[in-house]
Amino acid sequence: MASIAQIMNKKPQSIGPTTSIRGAAKKMRDLRVGSLLIKKGKNFVGIVTDTDLVRKGLATSQDVSKLTVEKIMTTPLCTIESNQAVDDAQDMMGDLGVRHLAVTKGGSIVGVVSVRDLLMHYKRYAQSRLADKQVYSEPKIGQD
């Protein structure tokens, strides 16, 4: 079975904690990602996702123009070791109710794995098991 290191995004994107939620949304759009790690100094202290922007930001009665990612981020980070199996990430995401996990190696964050990464992995796995004449397809999705 594949390890998390084989399917993760090895270049996780980050922003500072005082970034506005509008700034975070624009960066997610421009980078075509569904999450950004929150970096304070040299340390990652949380994660903000597209779901956080909607549920904890836009859908609240708070003044969105003054809301920063620090107020809506998920902290502490949910992490998984890079050498763990893909199935472990699936189980962890299901148990925790999250769609993104920070990936660690020796205590340092080295990537992010998302539900979309898992879907693509399982798609490739399923395709490898099908006969040559069968086709397995998934809708084209722009973000995770």
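Below, the structure is looked at part by part. (Residues numbered from 1 in each chain as written. Predicted model: local features only at pLDDT ≥ 70, side-chain atom pairs only at ≥ 80, totals over all residues. Heavy atoms only, no water.)

**Focus: the pattern of salt bridges**
1) Next: Within this structure, the stated rule accounts for five salt bridges.
2) Next: With a shortest N-O distance of 3.0 Å, Asp-30 and Arg-29 are connected by a salt bridge.
3) Next: A relative accessible area of 54% places Asp-30 in the exposed class.
4) Next: Since its relative accessible area comes to 53%, Arg-29 is described here as exposed.
5) Next: The partner of Asp-52 in a salt bridge is Lys-56, and the shortest N-O contact between them spans 3.5 Å. With a gap of four residues between them, Asp-52 and Lys-56 both fall in helix H3 (residues 50-58), about one helical turn apart.
6) Next: With a relative accessible area of 7%, Asp-52 lands in the buried category. (Salt bridge = Lys/Arg side-chain N within 4 Å of Asp/Glu carboxyl O. Buried < 20%, exposed > 50% of the residue type's maximum accessible area, 1.4 Å probe, protein only. Helix = DSSP H or I, 4+ residues; strand = E, 2+ residues; numbered from the N terminus.)

**Brief notes about unusual backbone geometry**
1) Next: Here the bond from Thr-75 into Pro-76 is cis, since omega is -5°, no more than 30 degrees from zero.
2) Next: Within the secondary structure layout, Pro-76 lies in the loop between helix H4 (69-72) and strand S4 (79-81).

**What to know about the sheet that holds S4**
1) Next: With mixed pairing, three strands are arranged side by side in an open sheet as S4-S5-S6. Whereas interior strands pair on both sides, the edge strands pair on one side only; in this sheet they are S4 and strand S6 (108-114). Averaged over neighbouring strand pairs, the angle between their axes works out to 40° when direction is ignored. (Pairing = 2+ DSSP bridges. Axes fitted to C-alpha atoms, helices over the stretch in contact; angles between N-to-C directions.)

**Things to note about the sheet that holds strand S1 (residues 14-15)**
1) Next: Strand order in the open sheet formed by three strands is S1-S2-S3, and the pairing between neighbours is mixed. Looking along the sheet, the strands with just one partner apiece sit at the ends: S1 and strand S3 (43-49).
2) Next: Where strand S2 (residues 35-40) meets S3, six bridges bridge the pair, whose relative direction is antiparallel. Pairing of Ile-38 across the sheet is with Gly-46, part of S3.
3) Next: Here helix H2 (residues 21-31) sits on the sheet and contacts S1, S2 and S3; the angle it forms with S2, its principal contact strand, is near 125°. (Contact = heavy atoms within 4.5 Å.)

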